[in-house]
Amino acid sequence: MMVFCSGAAICGAVVALAVSVTVARSETDGVHSSAVVNAACGNAIVGAASMYNPFKPGKEEGGPNTASGERYDPSVWAAAIKTSLRQKFGGVQFGARPKYALVEAVGKKVIVKINDVGPLRPGRIIDLNERTMRHFDPSLQLGVISDVRVSPLAGDYWIPGPVG
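Quick caveat: nothing in here was measured; it's all calculated off a predicted structure.

A. Spotlight on the packing of aromatic side chains. By the definition in use, this model includes 2 aromatic pairs. Note on Tyr 52 and Tyr 72: the rings are 5.2 Å apart at their centroids and 70° apart in plane angle, and the pair reads as edge-to-face. Taken together, the residues span a long stretch of sequence, with Tyr 52 in the loop between strand S1 (45-51) and strand S2 (78-82) and Tyr 72 in the loop between S1 and S2 at a distance of 20 residues. Across the pair, Tyr 72 and Tyr 52 agree in class, each one buried.

Below is the structure:
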């Protein structure tokens, strides 16, 4: 009987521990909540966004490297910031950890990994990869989205994706 009671107590303790770890994990993974807006650092930049895909036929499979050294991937939540804004977004550099930003447009918000920079056309502040652009423009018919608000996010613990 004593063995059963202590076994049940241990089992109960393991279940309680598993529940507390799950709750803690969901709290740390909860970067997709609206509270993420409060973590935006610095002043937001407002301008236009367009879509980019630097992959050219004949290049290595997977596309070229981004400024951070990662391969361009149209299926992740990523973007290239205007070269002149590199420092405001933590200095995107080759081999460095990617930076993150909150992008807001057309009533939607998404966290993106800023892993590239580029000389964008006048008025444009960010180039979104295909997945991110589809979030804001599912048909990809707009080409350019005006009045996009981009805020740098402090830290490197963000999980890219929709916020809401």
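B. Highlighting the side chain of His 135. Tracing the backbone through its elements, the reader meets His 135 in helix H2 (residues 130-136). In this structure His 135 comes out as buried when scored by relative accessible area, which is 18%. Sequence-distant contacts of His 135, defined by excluding residues within four places in its chain, comprise Trp 77, Lys 108, Lys 109, Val 110 and Pro 162.

C. Looking closely at the pattern of salt bridges. Here the structure, examined in full by the defined rule, presents 3 salt bridges. Measuring nitrogen to oxygen at the nearest pair gives 3.3 Å for the salt bridge that ties Glu 70 to Lys 113. Placement of Glu 70 in the loop between S1 and S2 and of Lys 113 in strand S4 (residues 108-118) is noted, with a sequence separation of 43 residues between them. Owing to a relative accessible area of 16%, Lys 113 belongs among the buried residues under this scheme. As a salt-bridge pair, Arg 149 and Glu 104 come within 3.6 Å of each other at their nearest N and O atoms.

D. Representation of the nonpolar core within the structure. Formed by 24 residues in total, the largest nonpolar core has its most connected members in Ile 81, Phe 89, Val 103, Ile 114, Ile 126, Val 148 and Val 150. Elements represented by at least two residues in this core include exactly S1, S2, strand S3 (99-105), S4, strand S5 (124-128), H2 and strand S6 (144-153). At 4 residues, S4 tops the list of elements feeding residues into this core. Ignoring sequence-local partners within four residues, the contact set of Val 150 consists of Ala 44, Ile 45, Ile 81, Phe 89, Ala 101, Leu 102, Val 103, Ile 125 and Ile 126. Membership of the second largest hydrophobic core comes to 6 residues, among which are Tyr 100, Leu 153, Trp 158 and Val 163.

E. Quick peek at empty space enclosed by the protein. One pass over the full model with this rule turns up 1 cavity of 30 Å³ or more. Within this model, the largest cavity holds a volume of roughly 30 Å³. If you trace the largest cavity, you find it lined by Tyr 52, Thr 66, Arg 71, Tyr 72, Asp 73, Val 76, Ala 78, Asn 115 and Asn 129. The residue makeup of the lining of the largest cavity, split by class, is 4 nonpolar, 3 polar and 2 charged.

F. Structural detail: the environment of Gly 164. Within the secondary structure, Gly 164 sits in the segment after strand S7 (161-163). Distance from Gly 164 to Lys 109, taken between C-alpha atoms, is 7.1 Å for residues 55 residues apart in sequence.

G. Examining the environment of Glu 70 more closely. Classification of Glu 70 by relative accessible area gives partly exposed; the value is 25%. Between the C-alpha atoms of Glu 70 and Asn 115, which are 45 residues apart in sequence, the distance is 7.3 Å. Here Asn 115 takes part through its side chain, which lies 2.8 Å from a polar atom of the side chain of Glu 70.

Calculation notes
Residues numbered from 1 in each chain as written. Predicted model: local features only at pLDDT ≥ 70, side-chain atom pairs only at ≥ 80, totals over all residues. Heavy atoms only, no water. Phe/Tyr/Trp six-rings, centres within 6.5 Å; stacked < 30°, edge-to-face > 60°. Helix = DSSP H or I, 4+ residues; strand = E, 2+ residues; numbered from the N terminus. Buried < 20%, exposed > 50% of the residue type's maximum accessible area, 1.4 Å probe, protein only. Contact = heavy atoms within 4.5 Å. Salt bridge = Lys/Arg side-chain N within 4 Å of Asp/Glu carboxyl O. Core = buried A, V, L, I, M, F, W, Y, C linked by side-chain atoms within 4.5 Å. 1 Å grid on protein atoms, 1.4 Å probe; cavity = no way out; pocket = protein on both sides within 12 Å on 5 of 7 lines; lining within 4 Å. Points joined across faces, edges and corners; volume = space filled by probe spheres on them. Nonpolar A, V, L, I, M, F, W, Y, C, P; charged D, E, K, R; others polar. Polar contact = N/O pair within 3.5 Å; in protein donor to acceptor, adjacent residues only side chain to side chain.

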